There are 4 protein chains.
Amino acid sequence: MPGSPFHGGKMEFRSDMTVELIKQSADDADVASSARVSTLGGAARVQESSTTGLINFLMRDRHGSPFEHATFTFYVECPVFVAREFFRHRAGWSYNEESGRYKELAPVFYVPADDRPLRQVGKPGAYQFELGTYKQYMTVSGDLRRISREAYETYKRLLDLEVAREVSRMVLPVNIYTSFYATCNARSLMHFLSLRTYDETSKFPSFPQREIEMVAEKMEDHLHFQMPQTWLAFQNNGRVAP
Amino acid sequence: MPGSPFHGGKMEFRSDMTVELIKQSADDADVASSARVSTLGGAARVQESSTTGLINFLMRDRHGSPFEHATFTFYVECPVFVAREFFRHRAGWSYNEESGRYKELAPVFYVPADDRPLRQVGKPGAYQFELGTYKQYMTVSGDLRRISREAYETYKRLLDLEVAREVSRMVLPVNIYTSFYATCNARSLMHFLSLRTYDETSKFPSFPQREIEMVAEKMEDHLHFQMPQTWLAFQNNGRVAP
Amino acid sequence: MPGSPFHGGKMEFRSDMTVELIKQSADDADVASSARVSTLGGAARVQESSTTGLINFLMRDRHGSPFEHATFTFYVECPVFVAREFFRHRAGWSYNEESGRYKELAPVFYVPADDRPLRQVGKPGAYQFELGTYKQYMTVSGDLRRISREAYETYKRLLDLEVAREVSRMVLPVNIYTSFYATCNARSLMHFLSLRTYDETSKFPSFPQREIEMVAEKMEDHLHFQMPQTWLAFQNNGRVAP
Amino acid sequence: MPGSPFHGGKMEFRSDMTVELIKQSADDADVASSARVSTLGGAARVQESSTTGLINFLMRDRHGSPFEHATFTFYVECPVFVAREFFRHRAGWSYNEESGRYKELAPVFYVPADDRPLRQVGKPGAYQFELGTYKQYMTVSGDLRRISREAYETYKRLLDLEVAREVSRMVLPVNIYTSFYATCNARSLMHFLSLRTYDETSKFPSFPQREIEMVAEKMEDHLHFQMPQTWLAFQNNGRVAP
């Protein structure tokens, strides 16, 4: 299947997420320069060395707009059930996703790794998770592989029968991988991180599904690397998006 | 399963979409009243009888903001692959969707009706569709039922094993039904309609997947009924959202 | 000047703001009903009596989307410098404003009332205000009246000379009143209130200009009246928009 | 007044607009690469040489999202009445503007140049403009200078009396210059251009005020230079934002 980035026609099972930084126009000085338009006027570029206090002040007092001038474009590979959660984020996010109408989907499916907790305990709104038993893990893994395989074989058979891609794909389970471009800014990214990571130091703790948290953690690494002062201020002020 | 709107524990296959108007605050006078703030000032309510020309002018010249003060809240039931397309609409749309993390999903699955075209002809970007053969139809229908059933039985078995809902649901195919509230305004609704219906009189024809068009058509009926002058102006001006 | 809501051709000075609720489709049950789609599925209408706990939970844990299905349309009269701050609110707000290009602007201007603090003390980001001296108050009031009058007379003279409205209005000061329709939802309204009111019990206190706070306070009254449980949860959870 | 970019304490009258490209992450390959995720999957970078046809197709058929991954940050100086129109653009725009609360505003004011048409002819919604007479031009220019000067002197006197900046600035007319950072993407920029430039070849002609068109024209130059294929497709397809 030439042109497809994934596979050579045979089933592939993955337990990880891909987050690649395609490009960025994002550094701490963007935040400081735009904030200083408010107080000084003019387009003078701010030196990064003098911005720590300003950025911390903006984060603490929730002046969010200066963080919107720093942009990131990511390429993501994740299962459909993760993409479904991801695309709920509307403000400050742009997407282009692989289409099951325009291309044949590759046989790449998610199975949880053996350190992925499988049991939910606690009450709605604040579930906790615990590791699964050996039996649970073997069953989940076996069932996902079996259903994925059967569904994909059915998908291929329908395509061979010349049924349209957009119809044939209806049999595919939500653990199939999809891929997309996502462009955001530092503010919308921090909003995403505040909801899609769990951190007990957060002022407003969130309880994301582990798989989207795996994506979020990789994005957070990029924020940390590109905008270290912004990331630190986010961390030190309770992980609340400004 | 008390409290669930769908089913009594046994498999259900549907070929239709549910669109229910939960509430609206939307009539043609909203458009005219807000437009007249621009030209007259003041909060005087406009009489509906005198608004046809104004609404047509606003539509033709693409003054979109007066259409944003008329709001609709819909309840929708559709397959996951339709919801995936739906949730791409960000501006002027608010959503709350049934969660596979917080509730057990009901065994309701989509199969195409026998008048749903199955064959794609033409080239990318402007596909046309033709009816399927008897063999194609029987295969699609049979395969979807078979995979849906197997996947759902697996889902239930995993739940019985006390695997978390958010993990167990990974086996479910994208033809399973989901449900959501969607609130929009007349402008964002027309934008949705312009992209998710096919009409050869459109200035910019779109080629939506048939299933989301079925949802869109039902929404368009509500627009037509609540805001007849707006709908007519939309239709007469090439179905371009203002 | 028939058709103009404001004036009879002579100068008018005001110290207050107009906020009129044009229409609403907003009650606490909207929040609960849409939230329960997530956990129960289905379109069943929730009884208001049972929603207090749910709404408080949603507010506290910052599940914001259920608050987006409740909508308000306001008619506002305020000075241009207030409208400038108001229109910075983008997400979940729709506007139609009186146009200085399409209509002749009425001679209505803002002067601070004598209980409006005039002196700024403290440091940037957390200014405090104190009442002005008699001399300060008399000067501010006199100067605003004088400049407003001169500017408006000049505006009228330019119009009489057949200079276009959009050019003539360039002489008018930012204390002239404008009017607009603003449609929002309960979530975007609470976000506005959290930034445009000062309340020492807020988790993230804001220091708005007094004049936009006067508008915000009137809007908050409507939220309080239409959605008492939502308002109370907002108040009790630190006035942070969910 | 050190730190201020504008002035040395004396009145300055300008007839032009400043648009400076602070930074960009925008080229035609961004559009093509993100579009190809839909049809090919994968993060492979597209060669610019092969993208003309694809970009033209996306523009013509109004596939807008691939244009959202190309971002621009501008620094703008323009009069307040222009900024008021500018900030109506919500989707895909981020702003940080000079604040009359946090800084003393500089005495820089707009007067129309002598080729700026002053007379409005035709009917609402489709006004045309013609050059002013000598008398009109001299009056507009003289009146704007006079009112600007008086208002600014009053502003300074109020500041000297220790009246807060946010109160003192209420006397200033809307022809005073402001400055801001504006970040957008190629799609939101084209939407802005379609509404804020007049071009008789447009499918939906707009009739912007000349002063915001002056800003828009400078922004369009940057789009043209950074993304020549995108700009050409925009021009060739009726200047409709995709």
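Residues numbered from 1 in each chain as written. Chains lettered and ligands numbered in written order. Predicted model: local features only at pLDDT ≥ 70, side-chain atom pairs only at ≥ 80, totals over all residues. Heavy atoms only, no water.

**Re the overall build of chain A**
The helix and strand tally for chain A stands at eight helices and eight strands. Dimensions of chain A along its principal axes, counting C-alpha atoms only, are 65 × 45 × 25 Å. Taking all 242 residues of chain A together, 62% fall into the buried category. By sequence separation, contacts in chain A at least 24 residues apart represent 75% of the contacts at least 6 residues apart. Accessible surface computed for chain A: about 8800 Å², of which carbon and sulfur atoms make up 51%. Here chain A contributes 29 positive and 30 negative side-chain charges, whose respective centroids are spaced 4 Å apart. (Helix = DSSP H or I, 4+ residues; strand = E, 2+ residues; numbered from the N terminus. Buried < 20%, exposed > 50% of the residue type's maximum accessible area, 1.4 Å probe, protein only. Contact = heavy atoms within 4.5 Å. Areas by Shrake-Rupley, 256 points an atom, 1.4 Å probe, with all protein chains shown as cover. Lys, Arg positive; Asp, Glu negative; His and termini not counted. Charge placed at Lys NZ, Arg CZ, Asp CG, Glu CD.)

**A few points about the packing of helix 2 (residues 52-60) of chain D against helix 8 (residues 228-236) of chain D**
All names here are of chain D. Where helix 2 meets helix 8, the axes come as close as 9 Å, and the angle between the chain directions of the two elements is 40°. Of the possible angle classes, the one that applies to helix 2 and helix 8 is oblique. Of the two elements, helix 2 crosses helix 8, and the hand of that crossing is right-handed. Of helix 8, the residues touching helix 2 (which contributes Thr52, Ile55, Asn56 and Met59) are Gln229, Thr230, Ala233 and Phe234. When the residues that make up the contact of helix 2 with helix 8 are grouped by side-chain class, the tally is four nonpolar, four polar and no charged. (Axes fitted to C-alpha atoms, helices over the stretch in contact; angles between N-to-C directions. Parallel < 35°, antiparallel > 145°, perpendicular 65-115°, else oblique. Left-handed = near helix turned anticlockwise from the far one by under 90°. Nonpolar A, V, L, I, M, F, W, Y, C, P; charged D, E, K, R; others polar.)

**Some points on the pattern of salt bridges**
In total, this model carries 76 salt bridges over all chains according to the counting rule given. A salt bridge links C:Glu213 to C:Arg210; its shortest N-O distance comes to 2.7 Å. Separated by three residues within a single helix, C:Glu213 and C:Arg210 lie in helix 7 (residues 210-226), roughly one turn from each other. Using a relative accessible area of 10% as the deciding quantity, one classes C:Glu213 as buried. Taken together, the salt bridges that share partners define one network made up of A:Arg101, A:Glu166, B:Arg116 and B:Glu211. (Salt bridge = Lys/Arg side-chain N within 4 Å of Asp/Glu carboxyl O.)

**A look at helix 4 (residues 134-160) of chain C**
Under the 1.5 Å per step criterion, the end-to-end length of helix 4 of chain C is 39 Å for 27 residues, consistent within 8% with the ideal 39 Å. Once helix 4 of chain C ends, the next one or two residues include C:Glu162, with phi positive near 65°. (Expected span 1.5 Å × (residues − 1).)

**Remarks on the sheet that holds strand 3 (residues 71-79) of chain A**
Spatially, 2-3-8-4 (chain A) is the arrangement adopted by the four strands of the open sheet, whose pairing is antiparallel. Here the strands that pair on one side only, and so sit at the sheet edges, are strand 2 (18-25) and strand 4 (93-97) of chain A. Strand-to-strand twist of the sheet, defined as the mean angle between neighbouring strand axes without regard to direction, takes the value 20°. In this structure, strand 2 of chain A lies alongside strand 3 of chain A, joined through seven bridges in antiparallel fashion. By the bridge assignment for strand 3 of chain A, A:Lys23 is matched with A:Thr73. Contacts between helix 1 (residues 28-40) of chain D and the sheet are confined to strand 2, strand 4 and strand 8 (177-185) of chain A, with strand 4 of chain A contributing the most and set at about 55° to the helix. (Pairing = 2+ DSSP bridges.)

**Points about helix 1 (residues 28-40) of chain A**
Residues and elements named next belong to chain A. Compared with the 18 Å implied by 1.5 Å per residue over 13 residues, the 18 Å span of helix 1 between its first and last C-alpha is a close match. Burial of helix 1 is extensive: ten of the 13 residues sit out of reach of the surface. Capping of helix 1 at its N-terminal end is provided by Asp27; its side-chain oxygen lies 3.0 Å from the backbone amide nitrogen of Ala29. A positive phi of about 70° marks Gly41, the residue just after helix 1. (Polar contact = N/O pair within 3.5 Å; in protein donor to acceptor, adjacent residues only side chain to side chain.)

**What to know about the interface of chain A and chain D**
Contact residues are listed per partner, giving 43 residues for chain A and 42 residues for chain D. Across the chain A to chain D interface the summed buried area is about 3100 Å²; carbon plus sulfur atoms make up 52%. Three residues stand out in chain A for area buried against chain D, namely A:His69, A:Asn96 and A:Tyr181, and they jointly supply 21% of the buried area on that side. On the surface where chain A and chain D come into contact, there are two salt bridges. In this structure, D:Lys23 and A:Asp30 form a salt bridge, with 2.8 Å as the shortest nitrogen-oxygen distance. Seen at the junction of chain A and chain D, the total is 19 residue pairs in polar contact (both at pLDDT 80 or more). The greatest single-element share of the side of chain A that touches chain D, amounting to eight residues, is contributed by helix 1 of chain A. When its residues are assigned to classes, the side of chain A that touches chain D shows 16 nonpolar, 19 polar and eight charged. (Buried area = accessible area lost by both parts, 1.4 Å probe.)

**Quick notes on the relation of the copies chain A and chain D**
Between chain A and chain D, the superposition needs a rotation of 180° and an axial shift of 0.0 Å, giving an RMSD of 0.0 Å. Such a turn and shift between the copies fits a two-fold axis. Rotation axis and chain A: the residue whose C-alpha lies nearest the axis is A:Ser25, separated from it by 3.1 Å. Take the interface residues of chain A: 98% of them recur as interface residues in chain D, which is what a same-surface contact looks like. (Least-squares fit on C-alpha atoms with pLDDT ≥ 70 in both.)

**Description of the interface of chain B and chain A**
Chain B puts 58 residues into the contact, and the matching count from chain A is 58 residues. Three residues, B:Arg84, B:Arg90 and B:Met170, lead the burial of chain B against chain A; their summed loss comes to 15% of the area buried on that side. Applying the counting rule to chain B against chain A returns eight salt bridges. With a shortest N-O distance of 3.8 Å, B:Glu150 and A:Arg146 are connected by a salt bridge. Here chain B and chain A share 26 residue pairs in polar contact (both at pLDDT 80 or more) between them. Put simply, the parts of the chain that give the side of chain B that touches chain A at least two residues each are helix 3 (80-86), strand 4 (93-97), strand 6 (119-121), helix 4 (134-160), helix 5 (165-168) and helix 7 (210-226) of chain B.

**Structural notes on the nonpolar core**
Generally speaking, nonpolar side chains in soluble globular proteins are found buried as a group. Among the nonpolar cores identified, the biggest contains 138 residues, and C:Phe86, C:Met219, D:Phe86 and D:Met219 are the most heavily contacted of them. Aside from chain neighbours lying at most four places away, what touches D:Met219 is D:Val19, D:Phe74, D:Val76, D:Phe86, D:Trp93, D:Leu189 and D:Phe192. (Core = buried A, V, L, I, M, F, W, Y, C linked by side-chain atoms within 4.5 Å.)

**So, the packing of aromatic side chains**
Within this structure, the stated rule accounts for 64 aromatic pairs over all chains. Relative to A:Phe180, the ring of A:Tyr95 lies with its centre 6.2 Å away and its plane at 75°, an arrangement referred to as edge-to-face. Placement of the pair is A:Tyr95 in strand 4 and A:Phe180 in strand 8, with a sequence separation of 85 residues. With relative accessibility at 1%, the residue A:Tyr95 sits in the buried group. Both rings, one in D:Phe81 and one in D:Tyr110, keep their centres 5.9 Å apart while their planes meet at 65°; by these two values the pair is edge-to-face. (Phe/Tyr/Trp six-rings, centres within 6.5 Å; stacked < 30°, edge-to-face > 60°.)

**Re the side chain of D:Ser148**
By secondary structure assignment, the location of D:Ser148 is in helix 4 (residues 134-160). Its relative accessible area of 1% is what places D:Ser148 among the buried residues.

**Some thoughts on the environment of C:Pro112**
With respect to the helices, strands and loops of the structure, C:Pro112 is situated in the loop between strand 5 (108-110) and strand 6 (119-121). On the basis of relative accessibility, which here comes to 2%, the residue C:Pro112 falls in the buried class. Along the sequence, C:Pro112 and C:Arg88 sit 24 residues apart, while their C-alpha atoms lie 23 Å from each other. With near-sequence residues (within four places) excluded, C:Pro112 lies in contact with C:Ser15, C:Tyr137, C:Val140, C:Leu144, D:Val167 and D:Met170.

**Here we look at the sheet that holds strand 4 (residues 93-97) of chain C**
Ordered in space as 2-3-8-4 (chain C), the four strands form an open sheet in which the pairing is antiparallel. Since the sheet does not close on itself, it has two edges, and those belong to strand 2 (18-25) and strand 4 of chain C, each with one partner. Averaged over all pairs of adjacent strands, the angle between strand axes in this sheet comes to 20°, irrespective of strand direction. Running at roughly 55° to strand 4 of chain C, helix 1 (residues 28-40) of chain B makes contact with strand 2, strand 4 and strand 8 (177-185) of chain C of the sheet. Set on the sheet, helix 7 of chain C makes contact with strand 2, strand 3 (71-79) and strand 4 of chain C; between it and strand 3 of chain C the angle comes to about 160°.

**Some words on the confidence of the model for chain A**
When the pLDDT values of chain A are averaged, the result is 91; 92% of them are 70 or greater. Segment residues 1-6 of chain A: pLDDT under 50, and 17 contacts once partners within four positions in sequence are set aside and those in other chains are kept. (pLDDT = per-residue confidence, 0-100.)

**Let's talk about unusual backbone geometry**
Its identity is not glycine, yet B:Arg62 carries a phi of approximately 60°, on the positive side. Owing to a relative accessible area of 18%, B:Arg62 belongs among the buried residues under this scheme. Even without being glycine, C:Glu162 reaches a positive phi, approximately 65°.

**Some details on the state of the cysteines**
Counting across every chain of the model gives zero disulfides over all chains. No disulfide involves A:Cys184; its sulfur sits 14 Å from the nearest other cysteine sulfur, which is in A:Cys78. (Disulfide = S-S within 2.5 Å.)

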